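Read off the chains here:
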Amino acid sequence: IDQTNIIYQPAGGSTYELIGSKQVSIIGQEEKHACTLLTGISAGGNLLPFHMVYDGKTKWSLPLSKAPSYNEALAMNFQFVFSNTDIYWSTFDTMCTYI
């Protein structure tokens with residue numbers, strides 16, 4: 001099993017400010033919208049379904065059923081779960097639902 005975070009829209013690395021400014025803020029740098037993707041291979045060599053973990057405590061944290069390609073993802077056995085926390089990281093509980 002391996003996991004990685006997926007950032008929906010990475011913050012840009014460029015900014016503009018007056019020369020000599022003491023602080024330059026980058027729009028969106030402090031704000032991160034992401035989820036965690038778990039994937040694995042069984043002992044028999046079969047690819048396990050993708051397991052997407054989102055922050056939040058209800059089903060409203062998950063993609064809407066009318067989202068583009070949602071039904072296609074379900075047909076490929078994607079699993080969409082919420083972390084039941086304020087972070088999108090995989091937890092012991094979400095790992096148990098994957099296994």
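Numbering of residues begins from 1 in every chain and follows the order in which that chain's sequence is written. Local features in this predicted model are restricted to residues of pLDDT 70 or higher, and side-chain atom pairs are both shown and tallied only at a pLDDT of 80 or more, whereas totals for entire chains, interfaces and linings draw on every residue. The basis for every side-chain value is the complete set of heavy atoms in the structure, and neither hydrogens nor water enter the calculation.

Chemist: I'd like a rundown of the nonpolar core, residues and numbers included.
Modeler: Counting residues in each nonpolar core, the largest one holds 8 residues, listed as Cys35, Leu37, Met52, Tyr54, Leu62, Tyr70, Ala73 and Phe80. Helix and strand assignments follow DSSP, with helices taken as H or I runs no shorter than four residues and strands as E runs no shorter than two, numbered in order from the N terminus. Listing elements by their share of this core, those giving two or more residues are β2 (34–39), β3 (51–54) and α1 (70–75). In plain words, nonpolar cores are sets of buried Ala, Val, Leu, Ile, Met, Phe, Trp, Tyr and Cys residues tied together by side-chain atoms within 4.5 Å. Exposure classes here rest on a 1.4 Å probe applied to the protein chains alone. A residue is buried below 20% of its type maximum, exposed above 50%, and partly exposed in between.

Chemist: Describe the pairing of β2, and please don't skip the residues or the numbers.
Modeler: For β2, a buried count of 5 out of 6 residues is recorded, marking the element as mostly surrounded by other parts of the structure. Judged from the 6 bridges that link them, strand β1 (residues 2–7) and β2 form a sheet pairing that is antiparallel. Paired with Ile7 across the bridge in β2 is Ala34. One requirement defines pairing of two strands: DSSP has to find at least two bridges between them.

Chemist: An account of the sheet that holds strand β4 (residues 79–82) is requested, with residue identities and associated values reported.
Modeler: In space, the 4 strands of this open sheet follow the order β1-β2-β3-β4, with mixed pairing throughout. Either end of the sheet is taken by a strand with one partner, and the two such strands are β1 and β4. With direction set aside, neighbouring strand axes in the sheet form an average angle of 25°. In the sheet, β2 pairs with β3 via 3 bridges, with the strands oriented antiparallel. The residue of β3 that forms the bridge with Leu38 is His51. Each axis is a line fitted through C-alpha atoms, and for a helix only the stretch in contact is used; angles between axes span 0 to 180 degrees, taken between their N-to-C directions.

Chemist: I'd love a proper account of the side chain of Ser90, names of residues and values included.
Modeler: Within the secondary structure layout, Ser90 lies in the loop between β4 and α2 (92–98). By the convention used here, residues are in contact when the closest approach between their heavy atoms is within 4.5 Å. Excluding anything up to four places from it in sequence, Ser90 contacts Gln3, Thr36, Leu38, Val53 and Met95.

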